[in-house]
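Chain by chain, the residues run as shown.
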Amino acid sequence: MNFASDNCGPAHAEVLAAITAANQGFAPSYGADGLMDAVRERIRDLFEAPEAEVFLVATGTAANALALSTLAQPWQTIFCTPLAHINTDECQAPEFYTGGCKLTLAGEGDKMTPEALDAAIESWTAGDVHVSQRGPVALTQVTEKGRVYSLEELAALTEVAHAHVLPVYMDGARFANALEALDCTPAQMTHEAGIDALSLGGTKNGCLGVEAVIFFDPDKAWEFELRRKRAAQLFSKHRYLSAQMLAYLTDDLWRRSAQTANARAARLAEGLKTVPGARFEVEPQANMIFARLPRATHQRLHEEGAVYGMYEGPLDEGDADEPLLARLVCDWSITEEEIDRFIEVAKG
């Protein structure tokens, strides 16, 4: 009953098999391998973006920080939500790799509205040498609270950004989960909605450790290559990154894995509705659930070995009926039996 994070689950057997298959003989280094050529063409085809430039890095933080450093100048500010991963969980990596960009918070919590974004942009006077200049807009899809921007919401936000001549970056660590939740095409959720650059997450959805950075504007490619090398994210034995990403995108593995994770989360959410005292902080939409359960319920679950994130506490003292916020995340490997057991224990 491990719902700690989709970071904690195993890599998919098809990904591991691809790494083993790539581990034969010699191959060109630093991204010149043939597998990377196949990855590039596969992504261009999937995203209906024949001019897109594609690069691989090992972590989501590297993808975010390097992509934003390519889109921003050091004297600019990046617009994001208060709960954006780049604001709360990356130890100032975006600020470091951009050479000092500020982060300006727009909206509340995990999502922003066009009105909030426009107000945040307008709060910085364009052309005033004494203040930060306006820079990229960063959106997260799926959001840090497990919600999904609709295509209409994305288009409205990018319209505001582009009206101010600002690029839009999407942190897609859980991109596949959002894609399945919306039942749309990769193109519809990115460049057709006005997204200029994307990190396509693999690590949280069955890969060992790989993320793709996609620029729909190829003019940014060379600068990103230089920044990736300078940041020590250009792997010598790059074929092992390529092998993961190619397997991930072959035979719809990325979408199948996300479908399973989302379906398991939906099963878990339905079960939680039957648990006395349980209530959702936000309505679950993908593979993450934020729910409040009575302290006594949490204690029972922990005693039976359940693992998940506690956002409030303490767990071991206080009113047994006090609701405490928790985060439960499903990955592709979670079984229905684990979910059913979790609900059984929670119900007491």
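Along each chain, numbering runs from 1 in the same order as the chain's sequence is written. Totals for whole chains, interfaces and linings use every residue, but because this is a predicted model, local features are given only for residues with pLDDT of at least 70 and side-chain atom pairs only at 80 or more, for both listing and counting. Side-chain measures here rest on the full set of heavy atoms in the structure, leaving out hydrogens and waters.

1. As for the overall build of the chain
Alright, step 1. Labels follow the DSSP assignment, with helices taken as runs of H or I lasting at least four residues and strands as runs of E lasting at least two, numbered in each case from the N terminus. Each helix and strand counted, the chain has 13 helices and 11 strands in total.
Alright, step 2. Structurally, the chain occupies a C-alpha span of about 60 × 55 × 30 Å along its principal axes.
Alright, step 3. The burial tally for the chain puts 53% of its 348 residues in the buried class.
Alright, step 4. Contacts spanning at least 24 positions in sequence make up 74% of the contacts within the chain whose residues lie at least 6 apart.
Alright, step 5. Using the Shrake-Rupley algorithm and a 1.4 Å probe, accessible areas are obtained, with residue cover drawn only from the displayed protein chains. About 14,600 Å² of surface is accessible on the chain, with carbon and sulfur atoms providing 51% of the total. Each residue is assigned to one of three classes by its accessible area relative to the maximum for its type, calculated with a 1.4 Å probe on protein chains only: buried under 20%, partly exposed between the two thresholds, exposed over 50%. Any two residues whose heavy atoms approach within 4.5 Å at even a single point are treated as in contact.

2. Some remarks on the sheet that holds strand β3 (residues 102-105)
Alright, step 1. Strands qualify as paired when DSSP identifies two bridges or more between them. In space, the seven strands of this open sheet follow the order β1-β7-β6-β5-β4-β2-β3, with mixed pairing throughout. The open sheet is flanked by β1 (53-57) and β3, the only strands paired with a single partner. Across this sheet, the average inter-strand angle for adjacent strands is 25°, counted without regard to direction.
Alright, step 2. Here strand β5 (residues 168-172) runs beside strand β6 (residues 197-201); their pairing, made up of four bridges, is parallel. Each bridged residue has a counterpart across the sheet, and for Y169 the counterpart in β6 is A197.
Alright, step 3. Helix α9 (residues 221-230) contacts β1 and β7 (211-215) of the sheet and is inclined by roughly 10° relative to β1. Note on geometry: axes are lines fitted to C-alpha atoms, helical ones only across the stretch in contact, with angles between N-to-C directions running from 0 to 180 degrees.

3. So, the side chain of R239
Alright, step 1. Examined against the element boundaries, R239 turns out to sit in helix α10 (residues 239-249).
Alright, step 2. Look at R239: it is buried, it has no salt bridge, and the nearest opposite charge is D33 at 7.5 Å.
Alright, step 3. Polar contacts, as counted here, are pairs of nitrogen or oxygen atoms within 3.5 Å of one another; within protein the pair requires one atom able to donate a hydrogen and one able to accept it, and residues that are adjacent in sequence qualify only if both atoms are side-chain atoms. At 3.1 Å, the side chain of R239 and the backbone oxygen of G25 are in polar contact.
Alright, step 4. Dropping the residues within four chain positions of it, R239 is found in contact with A22, N23, Q24, G25, F26, A27, D33 and L35. As used throughout, the charge tally considers Lys and Arg to be positive and Asp and Glu to be negative, leaving His and the chain termini uncounted. Here, a salt bridge means any Lys or Arg side-chain nitrogen found within 4 Å of an Asp or Glu carboxyl oxygen.

4. As for empty space enclosed by the protein
Alright, step 1. Cavities and pockets are defined on a 1 Å grid built over the protein atoms alone: a cavity is a set of grid points where a 1.4 Å probe fits but cannot escape, while a pocket is an open set with protein on both sides within 12 Å along at least five of seven lines, and lining residues are those with an atom within 4 Å of any such point. Grid points are joined across faces, edges and corners, and a volume is the space filled by probe spheres set on the points. Within this structure, the stated rule accounts for one cavity of 30 Å³ or more.
Alright, step 2. Each pocket or cavity is described by its volume, and for the largest cavity that value is around 30 Å³.
Alright, step 3. Where the lining of the largest cavity is concerned, the elements lending two or more residues are α4 (85-88) and β4 (133-140).
Alright, step 4. No other element matches the three residues that β4 contributes to the lining of the largest cavity.
Alright, step 5. In the lining of the largest cavity, the residues fall into four nonpolar, two polar and two charged. The residue classification treats Ala, Val, Leu, Ile, Met, Phe, Trp, Tyr, Cys and Pro as nonpolar and Asp, Glu, Lys and Arg as charged. All others, Gly included, are polar.

5. Concerning the packing of helix α6 (residues 114-122) against helix α7 (residues 151-163)
Alright, step 1. Contact geometry for α6 and α7: axes closest at 9 Å, N-to-C directions at 20°. Between α6 and α7, the angle is such that the two are roughly parallel. Considering only the axes of α6 and α7, their crossing is right-handed. Note on element contacts: α7 touches α6 through A156, L157, V160 and A161, opposite P114, L117, D118 and I121.
Alright, step 2. Partitioned by chemical class, the residues of the contact of α6 with α7 number seven nonpolar, no polar and one charged. Each angle receives one of four descriptions, namely roughly parallel if under 35 degrees, roughly antiparallel if over 145, roughly perpendicular if within 65 to 115, and oblique otherwise. Left-handed is the label given to a crossing in which the near helix is rotated counterclockwise from the far helix by less than a right angle, and right-handed is the label when the rotation is clockwise.

6. Remarks on the packing of aromatic side chains
Alright, step 1. Here a pair means two rings of Phe, Tyr or Trp (six-membered ring of Trp) with centres within 6.5 Å. Their orientation is stacked below 30 degrees between planes, edge-to-face above 60, and tilted elsewhere. Evaluation of the coordinates by the stated rule reveals 11 aromatic pairs.
Alright, step 2. Ring geometry for F290 versus Y311: centroids 5.6 Å apart, planes at 85°, classification edge-to-face. Placement of the pair is F290 in strand β9 (residues 288-294) and Y311 in the loop between β10 (309-310) and β11 (323-329), with a sequence separation of 21 residues.
Alright, step 3. Between Y308 and F342 the ring centres are 5.8 Å apart and the planes differ by 80°, which places this aromatic pair in the edge-to-face class. In this pair, Y308 sits in the loop between α12 (295-303) and β10 while F342 sits in helix α13 (residues 336-347), placing the two residues 34 residues apart along the sequence.

7. Observations regarding the pairing of β1
Alright, step 1. In terms of residue burial, β1 counts as a mostly covered element, since four of its five residues are buried.
Alright, step 2. In this sheet, β7 lies alongside β1 in antiparallel orientation, the contact comprising five bridges. Following the sheet pairing, L56 is matched in β7 by A212.

8. Side note on the nonpolar core
Alright, step 1. Formed by 63 residues in total, the largest nonpolar core has its most connected members in I43, F47, L139, F175, L200, I214 and W254.
Alright, step 2. Among the elements that take part in this core, α10 stands out by supplying eight residues, more than any other.
Alright, step 3. Every residue in contact with L200, bar those within four places of it in the chain, is listed here: I43, F47, G172, F175, E211, A212, I214, M245, L249 and W254.
Alright, step 4. We define a nonpolar core as any set of buried Ala, Val, Leu, Ile, Met, Phe, Trp, Tyr and Cys residues linked to one another through side-chain atoms lying within 4.5 Å. Counting residues in each nonpolar core, the second largest holds 23 residues, with A62, A72, A221 and F224 among its members.

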